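# Structural overview
The chain contents come next:
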Amino acid sequence: MAILHCLLFLGIGMEENLFSLDDILLSHERLPCRTESAFPRLGFLEKSSETRDIPEGTKMEMPLWLAKGLYERKRRVLSMELPKVYREGWRTVFGADPTVVDLHKMGPYYYGLGSQLLHFDSPENPEIANTILQTFIGRFRRTMDSSQNAYNEDTSALVERLDCLERSLFKAGQSGLNSFQLWEKGRSSHLTASSLVINYRKRKITDLQA
């Protein structure tokens, strides 16, 4: 439970933000699934099938949003198979040294998709949640150190191996560094009154003069 609270704090909980473009793209990530009952008149969803229905036991890939919509704990309609990057073999690799893995190549939404997998009942959920958290912790310092030590440099090689969440953190780190450099040089922007405040003052002066 403590691990789930940590994931929620990082903004990678089990619920999506429908106003986030990244979350919308994440919801279209495809998951390997197996039908536990027949799906009448849905054969068109399986490209390799020429039948009208999807029979029980069919293995197919579904977008995350559809798999979540069809999944029910009480009525076994669909079961989900773990993508390979979340299986025990890869969890061992992440446990040894998470910094060597190209997360973007393995899936640009490693943290987001991993947290969404916790929506499906699986005995491996505690291990998946712990691996996601420890991977983030293990890679966070290197990500932020890189963002702070790459001022005015080409960062494409550094960024291309990062997950989308890590890329956002990297950009935030560089933005903070740029602002600090401008402040040191005395070129930081000065605080100015809002245009709404200025217009209000003008209207107030006009009223007094009238």
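In what follows, the structure referred to is the one given above.
Note that the structure is a prediction, hence the values are computed from the model and not measured. (Residues numbered from 1 in each chain as written. Predicted model: local features only at pLDDT ≥ 70, side-chain atom pairs only at ≥ 80, totals over all residues. Heavy atoms only, no water.)

### Points about the packing of helix α6 (residues 110-117) against helix α7 (residues 125-148)
Contact geometry for α6 and α7: axes closest at 9 Å, N-to-C directions at 160°. Considered as vectors, α6 and α7 are oriented roughly antiparallel to each other. Read as a crossing pair, α6 and α7 show a hand that is left-handed. Contacts between α6 and α7 pair Tyr 110, Tyr 111, Gly 114, Ser 115 and Leu 117 from the former with Asn 125, Ile 128, Thr 131, Ile 132, Thr 135, Phe 136 and Arg 139 from the latter. Its residues assigned to classes, the contact of α6 with α7 comprises six nonpolar, five polar and one charged. (Axes fitted to C-alpha atoms, helices over the stretch in contact; angles between N-to-C directions. Helix = DSSP H or I, 4+ residues; strand = E, 2+ residues; numbered from the N terminus. Parallel < 35°, antiparallel > 145°, perpendicular 65-115°, else oblique. Left-handed = near helix turned anticlockwise from the far one by under 90°. Contact = heavy atoms within 4.5 Å. Nonpolar A, V, L, I, M, F, W, Y, C, P; charged D, E, K, R; others polar.)

### Re unusual backbone geometry
With phi around 60°, Arg 41 is a residue other than glycine that occupies positive phi space. Of note, Arg 41 is situated in the loop between β1 (30-35) and β2 (59-63).

### Observations regarding the pairing of β1
Of the strand pairs in this sheet, β1 and β2 are connected by five bridges, and their pairing is antiparallel. By the bridge assignment, Arg 30 is partnered in β2 with Pro 63. Sheet analysis places β1 next to strand β3 (residues 78-80), joined by three bridges and oriented antiparallel. Residue Arg 34 lies in a different strand from β3, and its bridge partner there is Ser 79. (Pairing = 2+ DSSP bridges.)

### Quick word on the pattern of salt bridges
Under the definition given, this model contains six salt bridges. Linking Arg 30 and Glu 61 is a salt bridge whose minimum nitrogen-to-oxygen distance equals 3.7 Å. A residue pair is termed long-range when its members are at least 10 positions apart, and Arg 30 in strand β1 and Glu 61 in strand β2 qualify at 31 residues. On the basis of relative accessible area, Glu 61 is assigned to the partly exposed category, the value being 47%. Across the pair Glu 36 and Arg 34 runs a salt bridge, and its minimum N-O distance is 3.2 Å. Glu 36 gets classed as partly exposed once you look at its relative accessible area, which sits at 22%. (Salt bridge = Lys/Arg side-chain N within 4 Å of Asp/Glu carboxyl O. Buried < 20%, exposed > 50% of the residue type's maximum accessible area, 1.4 Å probe, protein only.)

### Looking at the packing of aromatic side chains
Enumeration according to the criterion identifies eight aromatic pairs in this entry. With 5.2 Å between their ring centres and 5° between their planes, Tyr 86 and Tyr 110 make a pair best called stacked. Of this pair, Tyr 86 sits in the loop between β3 and α4 (88-96) while Tyr 110 sits in helix α6, placing them 24 residues apart in sequence. This pair shows no difference in class: Tyr 86 is buried, exactly as Tyr 110 is. Within the aromatic cluster, the residues linked to one another by ring pairs are Tyr 86, Trp 90, Phe 94, Tyr 110, Tyr 111, Phe 136 and Phe 140. (Phe/Tyr/Trp six-rings, centres within 6.5 Å; stacked < 30°, edge-to-face > 60°.)

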